[in-house]
Amino acid sequence: MTTTRLESLGRFLLALGLALAIAAGLYTFGTQHVPDYSGTALFGRTATDTLPLKSWLATGLVALAALQLGLALWIYGRLPGIGFAGQRTGNVHRAVGIVAVLVTLPIAYHCAFAYGVKTNIDTRVAVHSVAGCFLYGAIAAKLIIVRSRRLPGWALPLAGGTLVALVAVLWYTSALWYFNNYSLPSL
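Residues numbered from 1 in each chain as written. Predicted model: local features only at pLDDT ≥ 70, side-chain atom pairs only at ≥ 80, totals over all residues. Heavy atoms only, no water.

Colleague: How should I be thinking about helix H3 (residues 87–115) in this particular structure?
Modeller: Helical geometry note: an α-helix holds 3.6 residues per turn, so side chains three or four residues apart project in the same direction. In this model H3 runs 42 Å from its N-terminal to its C-terminal C-alpha over 29 residues, within 8% of the 42 Å that 1.5 Å per residue would give. The sharpest bend along H3 comes to roughly 25°, located at Leu-105, with the proline Pro-106 sitting one to four residues further on. In the stretch just after H3, Gly-116 is the one whose phi turns positive, near 70°. (Helix = DSSP H or I, 4+ residues; strand = E, 2+ residues; numbered from the N terminus. Expected span 1.5 Å × (residues − 1). Bend = angle between axes of the 7 residues up to and from the residue.)

Shown next as structure tokens:
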């Protein structure tokens, strides 16, 4: 292997290792933390009163993730008949990403402190808990990958696609569950 390839592999493994370390740290915190359902407030709401707010924030987040996906496809010239995006589109993509991360913060704060990580209740809660742990690891990995110019061309789309998929899973296992009268529709 050439030095450049080894450096690229090292950077990719660093991003992957950081993502897994963050996910493991959040998982450990979430399983060891004592949940406080009624004492952890989200914009003045507690317990089940937070579900509508978190569901609408998550729906906004899934819309931002869809916008991010569309912008990324445009930047990479993957939208049929449109061609490649200009420089400003990259700036818009970055700004939308920042807003999306900011939208996750109140949701994640409440989930982590009010509920923690639960893998023994039911499948929906387990999938939601684990996906939530991986979300911030995936964000960190994408930030490393986007700044590295020497990684293979597939690394950044993989990181971005992973983020979109995690947001979709988190929305499906929470907001859609809430909007569908506490029931998940079958896929």
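Colleague: Would you mind going over the side chain of Thr-173 with me for this structure?
Modeller: Positionally, Thr-173 belongs in the loop between helix H5 (155–172) and helix H6 (175–179). Of the polar contacts made by the side chain of Thr-173, one reaches the backbone oxygen of Leu-170; its length is 3.3 Å. The contacts of Thr-173, once residues within four sequence positions are left out, are Arg-124, Val-127, His-128 and Leu-184. (Polar contact = N/O pair within 3.5 Å; in protein donor to acceptor, adjacent residues only side chain to side chain. Contact = heavy atoms within 4.5 Å.)

Colleague: Please explain the nonpolar core as it appears in this structure.
Modeller: Side chains that are nonpolar tend, in soluble globular proteins, to be buried together. Within the largest apolar cluster, 16 residues are counted, with the highest numbers of intra-cluster contacts made by Leu-61, Leu-64, Leu-135, Ile-139, Leu-163, Leu-166 and Val-167. For this core, the secondary-structure elements that each account for two or more residues are helix H2 (50–75), H3, helix H4 (123–147) and H5. If one sorts the elements of this core by residue count, H4 sits on top with 5 residues. Setting aside residues up to four positions removed in sequence, Leu-163 forms contacts with Leu-135, Ala-138, Ile-139 and Lys-142. (Core = buried A, V, L, I, M, F, W, Y, C linked by side-chain atoms within 4.5 Å. Buried < 20%, exposed > 50% of the residue type's maximum accessible area, 1.4 Å probe, protein only.)

Colleague: Help me understand the packing of H3 against H4, please; the structure alone is not making it clear to me.
Modeller: Helix-helix packing is characterised by the crossing angle of the two axes and by the distance between the axes. Closest axis-to-axis distance for the H3/H4 pair is 12 Å, and the angle between their directions is 150°. Put simply, H3 runs roughly antiparallel to H4. When the axes of H3 and H4 are compared, the crossing they make is left-handed. Between H3 and H4, the contacting residues are His-93, Arg-94, Val-101, Thr-104, Leu-105, Ala-108 and Cys-111 on the first element and His-128, Leu-135, Tyr-136, Ile-139, Lys-142 and Arg-147 on the second. Here the contact of H3 with H4 is composed, by residue class, of 7 nonpolar, 3 polar and 3 charged. (Axes fitted to C-alpha atoms, helices over the stretch in contact; angles between N-to-C directions. Parallel < 35°, antiparallel > 145°, perpendicular 65-115°, else oblique. Left-handed = near helix turned anticlockwise from the far one by under 90°. Nonpolar A, V, L, I, M, F, W, Y, C, P; charged D, E, K, R; others polar.)

Colleague: So what exactly am I meant to see when it comes to the side chain of Thr-89 here?
Modeller: Secondary-structure assignment places Thr-89 in helix H3. If sequence neighbours within four positions are ignored, Thr-89 has contacts with Leu-71, Trp-74 and Ile-75.

Colleague: Got a minute to help me understand H5 in this structure?
Modeller: The end-to-end C-alpha distance of H5, which contains 18 residues, comes to 26 Å, matching closely the 26 Å that a straight helix rising 1.5 Å per residue would cover. Looking at H5, one finds that the buried residues are Ala-155, Ala-159, Gly-160, Leu-163, Leu-166, Val-167, Leu-170 and Tyr-172.

Colleague: Quick question: what am I supposed to make of the packing of aromatic side chains here?
Modeller: For any pair of aromatic rings, the description rests on two quantities: the centre-to-centre distance and the angle between the ring planes. For the coordinates displayed, the defined rule picks out 8 aromatic pairs. Here Tyr-109 and Phe-113 contribute two aromatic rings whose centre-to-centre distance is 5.1 Å and whose plane-to-plane angle is 40°, an arrangement assigned as tilted. Remark: Phe-113 and Tyr-109 occur in helix H3; sequence separation between them is 4 residues, near one turn of the helix. What makes Tyr-109 partly exposed here is its relative accessible area of 40%. Classification of Phe-113 as partly exposed rests on a relative accessible area of 32%. In this structure an aromatic cluster arises from ring pairing among Trp-56, Trp-177, Tyr-178, Phe-179 and Tyr-182. Sitting over the face of the ring of Trp-177, Arg-124 holds its NZ or CZ atom 3.7 Å from the ring centroid. (Phe/Tyr/Trp six-rings, centres within 6.5 Å; stacked < 30°, edge-to-face > 60°. Lys NZ or Arg CZ within 6 Å of the ring centre and 35° of its normal.)

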